[in-house]
Amino acid sequence: MAETAQVGISAVPGATRKAPFYASLWVQVCAAIVVAVALGYFSPDRAVAMKPLGDAFIRLITMVVPLIVFCTVVSGIAGMQDMKKVGRVGGKALLYFEVVSTLALFIGLAVGNFSHPGAGFHVNAGSLDAKLVESYAGQAKAQSITDFLMHIIPVTAVDAFAKGDILQVLLVALLFGFALSMMGQRCKPLLLLMDTLTHAVFGVVNILMRFAPIGAFGAMAFTVGKYGIASLGPLVRLIGTFYVTSIIFVVIVLGAIALAAGFNVLRFLLYIKEEILLVLAVSSCEPVLPTLMAKLESLGCSKALVGLVVPTGYTFNTDGTSLYMTLAALFVAQATGTHLTLMQQLTIFSVAILTSKGASGVQGASFVALVGTLSVVPSIPVAGMALILGIDRFLSMFRALVNMIGNGVATLVIARWEKEFDAATLRRNLNP
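Basis of the calculations
Residues numbered from 1 in each chain as written. Predicted model: local features only at pLDDT ≥ 70, side-chain atom pairs only at ≥ 80, totals over all residues. Heavy atoms only, no water. Buried < 20%, exposed > 50% of the residue type's maximum accessible area, 1.4 Å probe, protein only. Helix = DSSP H or I, 4+ residues; strand = E, 2+ residues; numbered from the N terminus. Axes fitted to C-alpha atoms, helices over the stretch in contact; angles between N-to-C directions. Parallel < 35°, antiparallel > 145°, perpendicular 65-115°, else oblique. Left-handed = near helix turned anticlockwise from the far one by under 90°. Contact = heavy atoms within 4.5 Å. Nonpolar A, V, L, I, M, F, W, Y, C, P; charged D, E, K, R; others polar. Phe/Tyr/Trp six-rings, centres within 6.5 Å; stacked < 30°, edge-to-face > 60°. Lys NZ or Arg CZ within 6 Å of the ring centre and 35° of its normal. Core = buried A, V, L, I, M, F, W, Y, C linked by side-chain atoms within 4.5 Å. Patch = residues over 30% accessible without salt bridge, like charges linked within 9 Å, V, L, I, M, F, W, Y side chains within 5 Å. Areas by Shrake-Rupley, 256 points an atom, 1.4 Å probe, with all protein chains shown as cover. Salt bridge = Lys/Arg side-chain N within 4 Å of Asp/Glu carboxyl O. pLDDT = per-residue confidence, 0-100.

J.: Please explain helix H15 (residues 289-298) as it appears in this structure.
T.: One turn of the α-helix equals 3.6 residues, which is why residues spaced by three or four share an orientation. Extensive coverage of H15 is indicated by the burial of 10 of its 10 residues. All buried positions along H15 are accounted for by Leu289, Pro290, Thr291, Leu292, Met293, Ala294, Lys295, Leu296, Glu297 and Ser298.

What follows is the structure, encoded as structure tokens:
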């Protein structure tokens, strides 16, 4: 476990040896973001042209994610030997995910009622371009609960890897891991091969992470150049409310959970600062999955638990998405002058518990899920979603960030519950 984690951590230049501050990945990414914002502001056309740099980096990282998930889960479960323990860990993880993400939905609803971010807009829904939302509405209706459950099962095992669907890869890995665990000593050569392959894949991640500043530059330059800082003006209240709510959720809610588990969430955030900057730049948490898993192993969590909890959390532990959905739903209602009764708000809350997970795997998943949620309350004009379509990229930065941080905290908490955790290693890494 320690060796694999070290390989992942070495993706950060200077992590294993002293080096000039400018050689650190977080410094390079931070500098790239500053330059990207400046380029987007002063030369929007050139900034938009930088989009392929960000897209290419994301594709390079997501290219190896299925292999990492498969190898980590298979070798971890096969080495655990206790299938009851695997089931217990998975059950606890799903319970934790559901409780915390539901709490996030409630907080978003409470903040929306308290701050009224859409008040004063007085938008006539008939004047909005409903065509902008039509394609998202079609995707939302096409993704029922049954579709979601069927989507977990790939057509073939190879198809799961070809599509890069984390949940499908996880299912294949779980079945393969269970099968190997029942083979006993006969599976040792295969496990050795799997461990070697894991090291090789993390080696690839190490190479690719050196291009992170370029990817961050391309993604952030496109965002600022395409949408423009000035375009945020009328909707800055919603963005500010969501950002502040996200920060409060991480510091207070996740902070209290972390404290109960025996660690300081602020020190944890400092420990994953490279991942935080990268998620903010690319507005996605998938590219940091490999290094997040490696860092959690280095903090003392067992390899098997990390491999099981983190990939599952990427689908089911949607704290940031949950905060966004209820808050944005109230914003649309308030901006279009739609009064919502308590029962209608509870309906949105109840439906969002399902749709926040049900749109997984769809491009623009959170926006699609919100469109699907609003469609159950006819009094809210779905066309009102056009109001926030232009700023969704800025909202997605913190959505993805809270999702990623939530998964990291969840893994440490569940590892503590299961005693798959080395407290001394955690203290040594978080208190250098």
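J.: So what exactly am I meant to see when it comes to unusual backbone geometry here?
T.: Most peptide bonds are trans, and most residues other than glycine sit at a negative phi. Its identity as a non-glycine residue notwithstanding, His116 has a phi of 50 degrees, on the positive side. Along the chain, His116 turns up in the loop between helix H5 (83-115) and helix H6 (131-142).

J.: Before we go on, may I ask you to explain the environment of Pro44 in this structure?
T.: Topologically, Pro44 is positioned in helix H3 (residues 44-48). Under the relative-accessibility criterion, Pro44 is labelled partly exposed at 33%. Along the primary structure Pro44 and Gly225 are separated by 181 residues, whereas in three dimensions their C-alpha atoms are 4.0 Å apart.

J.: Quick question: what am I supposed to make of the packing of helix H14 (residues 273-282) against helix H21 (residues 392-417) here?
T.: Packed helices, taken two at a time, are described by their axes: the angle between them and the distance between them. At a minimum axis separation of 8 Å, H14 and H21 run at an interaxial angle of 150 degrees. The angle between the axes of H14 and H21 places the two elements in the roughly antiparallel class. Considering the relative orientation of H14 and H21, their crossing is right-handed. For the pair H14 and H21, the contacting residues are Glu275, Ile276, Val279, Leu280 and Val282 in the first and Arg393, Met397, Phe398, Ala400, Leu401 and Met404 in the second. A class-by-class count of the residues in the contact of H14 with H21 yields nine nonpolar, no polar and two charged.

J.: I keep staring at the packing of aromatic side chains and nothing clicks. Help me out?
T.: The geometry of an aromatic ring pair is captured by two quantities: the separation of the ring centres and the angle between the planes. If you walk through the whole model with that rule in mind, you get eight aromatic pairs. The interplanar angle of 90 degrees and the centroid separation of 5.0 Å between the aromatic rings of Tyr41 and Phe42 together place this pair among those described as edge-to-face. Phe42 carries the same exposure label as Tyr41, and that label is exposed. Here a set of aromatic residues connected by ring pairs shows up, and it is made of Phe70, Phe161 and Phe176. Between the NZ or CZ atom of Lys51 and the centre of the ring of Phe222, over which it lies, the distance is 5.3 Å. In this structure, Arg399 is placed above the aromatic ring of Tyr324, and the distance from its NZ or CZ to the ring centre is 4.3 Å.

J.: Just to check I follow, could you spell out the nonpolar core for this structure?
T.: The nonpolar side chains of a soluble globular protein tend to be buried with one another. Membership of the largest hydrophobic core comes to 136 residues, with the highest contact counts inside it found for Ile388 and Met404. It is H21 that provides the largest number of residues to this core, a total of 15 residues. For Met404, the contacting residues outside a window of four places in its chain are Ile272, Glu275, Ile276, Val279, Cys285, Val288, Leu292 and Tyr314.

J.: I tried to follow the packing of helix H12 (residues 236-261) against H21 on my own but got confused; where do I start?
T.: Orientation of H12 relative to H21, taken along the N-to-C sense of each, is 5 degrees, at an axis distance of 10 Å. With respect to H21, the element H12 is oriented roughly parallel. Of the residues in H21, those touching H12 at Leu238, Ile239, Phe242, Tyr243, Ser246, Ile247, Phe249, Val250, Leu254, Ile257 and Ala261 are Phe394, Leu395, Met397, Phe398, Arg399, Val402, Ile405, Gly406, Val409, Val413 and Arg416.

J.: Honestly, a nonpolar patch on the surface in this entry has me stumped. Any pointers?
T.: Taken together, the side chains of Val244, Ile247, Ile248, Val251, Ile252 and Leu266 define a hydrophobic patch exposed on the protein surface, amounting to about 540 Å² of accessible area. Counting residues per element, the nonpolar patch draws most heavily on H12, which supplies five residues. Mapped onto the elements, Ile248 comes out in helix H12. For Ile248, a relative accessible area of 44% gives the class partly exposed.

J.: Explanation requested: the pattern of salt bridges in the structure shown.
T.: The final tally for this structure, using the stated rule, is six salt bridges. In this structure, Glu274 and Lys273 form a salt bridge, with 3.9 Å as the shortest nitrogen-oxygen distance. Residue Glu274 is classed as buried on the basis of its relative accessible area, which comes to 7%. The salt bridge partner of Lys295 is Glu274, with a shortest N-O separation of 2.7 Å. Placement of the pair is Lys295 in helix H15 and Glu274 in helix H14, with a sequence separation of 21 residues. With a relative accessible area of 4%, Lys295 lands in the buried category. Taken together, the shared-partner salt bridges connect Lys273, Glu274, Glu275 and Lys295 into one network.

J.: I tried to follow the confidence of the model for the protein chain on my own but got confused; where do I start?
T.: A low pLDDT score tells you not to read the predicted coordinates there in detail. On average, residues of the protein chain carry a pLDDT of 78, and 81% of them reach 70 or more. Averaged pLDDT values over the elements of the protein chain bottom out at 40 in helix H1 (residues 2-9) and peak at 92 in helix H13 (residues 265-271). Low pLDDT, under 50, characterises residues 359-363; the predicted model gives this stretch 12 contacts beyond four residues in sequence or across chains.

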